[in-house]
Amino acid sequence: MAHGEAIAAWDTPTAEPVRGNETRAVEFKQTARWNVREQKKDKLMEDIIAKTVAGFANSSGGVLLIGVHDDSYPVGLEPDLKLVKPPNTDGYVNWLDTMLENRFGFKFIQTVKILIDNVDGHDVCRINIPKTSEPFWTTYKGDDKLFVRRNNSTREVPANNVDRYVEDHFGEAPKDL
């Protein structure tokens, strides 16, 4: 995918990608804190959001939409809003911004745009993530991993391919963790 596909996704109204499909430049997540299967707060949901953000940043950039079902319809942010203070969209954006800054640092979060849009009566959180000039690792299931966006999913770069990917994509040898 060309970096242009991510830029094109940024320039569309939020309702347009919600009604489309997940692509190399667009990903849907139902929640960022609430596990809908287990009906409880779950830190793994935060890890999945960070994994997806890193995958876009390490590839060509993209748009992450939270509050959208995998079947392309908005479900809203209500389960997550109950888990932030204050329990509203302002509190949600502040929580998400802080969580991403803690994961990736101040410099990175300055390049990310987080906003809330209403789609069909549901609040949807939209995160526009640019391609980065350096690799972003994230902790997932207890280990630091490098993720990339491939087709319509976020994938871990296999350990035996990390050096080559970082050198090819970022023009540098990987830094020691």
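Structure: above.
Residues numbered from 1 in each chain as written. Predicted model: local features only at pLDDT ≥ 70, side-chain atom pairs only at ≥ 80, totals over all residues. Heavy atoms only, no water.

A. View of the sheet that holds strand 1 (residues 26–29). Strand order in the open sheet formed by four strands is 1-4-8-7, and the pairing between neighbours is mixed. Two strands bound the open sheet, and with one partner strand each, they are strand 1 and strand 7 (113–119). Within this sheet the neighbouring strands show an average axis-to-axis angle of 25°, counted without direction. Relative to strand 8 (residues 122–129), strand 4 (residues 62–66) runs antiparallel, the two being bridged by five bridges. Considered in strand 8, the bridge of Leu 64 is made with Ile 127. Here helix 3 (residues 43–57) sits on the sheet and contacts strand 1, strand 4 and strand 8; the angle it forms with strand 4, its principal contact strand, is near 165°. (Pairing = 2+ DSSP bridges. Helix = DSSP H or I, 4+ residues; strand = E, 2+ residues; numbered from the N terminus. Axes fitted to C-alpha atoms, helices over the stretch in contact; angles between N-to-C directions. Contact = heavy atoms within 4.5 Å.)

B. A look at helix 5 (residues 89–104). Look at helix 5: 22 Å from first C-alpha to last across 16 residues, which is about the 22 Å you get at 1.5 Å a residue. Along helix 5, the residues that are buried comprise Gly 91, Tyr 92, Val 93, Trp 95, Leu 96, Met 99, Leu 100 and Phe 104. The backbone nitrogen of Asp 90 lies 3.1 Å from a side-chain oxygen of the residue at the head of helix 5, namely Asn 88. Two residues or fewer past helix 5, Gly 105 is found with a positive phi of approximately 100°. (Expected span 1.5 Å × (residues − 1). Buried < 20%, exposed > 50% of the residue type's maximum accessible area, 1.4 Å probe, protein only. Polar contact = N/O pair within 3.5 Å; in protein donor to acceptor, adjacent residues only side chain to side chain.)

C. Fine view of the nonpolar core. If you look at the biggest cluster of nonpolar residues, it comprises 27 residues, and the most contacted ones within it are Ile 66, Tyr 92, Leu 96 and Ile 127. Elements supplying a minimum of two residues to this core: helix 3, strand 4, helix 5, helix 6 (106–109) and strand 8. When residues in this core are grouped by element, the largest group, seven residues, is from helix 5. Core analysis: the second largest hydrophobic core is formed by 10 residues, Ala 25, Leu 65, Val 68 and Val 119 among them. (Core = buried A, V, L, I, M, F, W, Y, C linked by side-chain atoms within 4.5 Å.)

D. A look at the side chain of Arg 126. Considering the arrangement of structural elements, one finds Arg 126 in strand 8. Salt bridges are absent for the buried Arg 126, whose nearest opposite-charge side chain, Asp 117, sits at 4.7 Å. One polar contact links Arg 126 to Asn 128, side chain to side chain, over a distance of 3.0 Å. (Lys, Arg positive; Asp, Glu negative; His and termini not counted. Salt bridge = Lys/Arg side-chain N within 4 Å of Asp/Glu carboxyl O.)

E. Structural detail: the pairing of strand 10 (residues 143–150). Summarising the sheet, strand 9 (residues 137–140) and strand 10 pair through four bridges and their orientation is antiparallel. Bridge pairing in strand 10 links Thr 139 to Asp 144. The loop that links strand 9 with its antiparallel partner strand 10 comprises two residues; one of these, Lys 141, has a positive phi angle of about 55°. One ladder, built from four bridges, connects strand 10 with strand 11 (residues 153–156); its direction is antiparallel.

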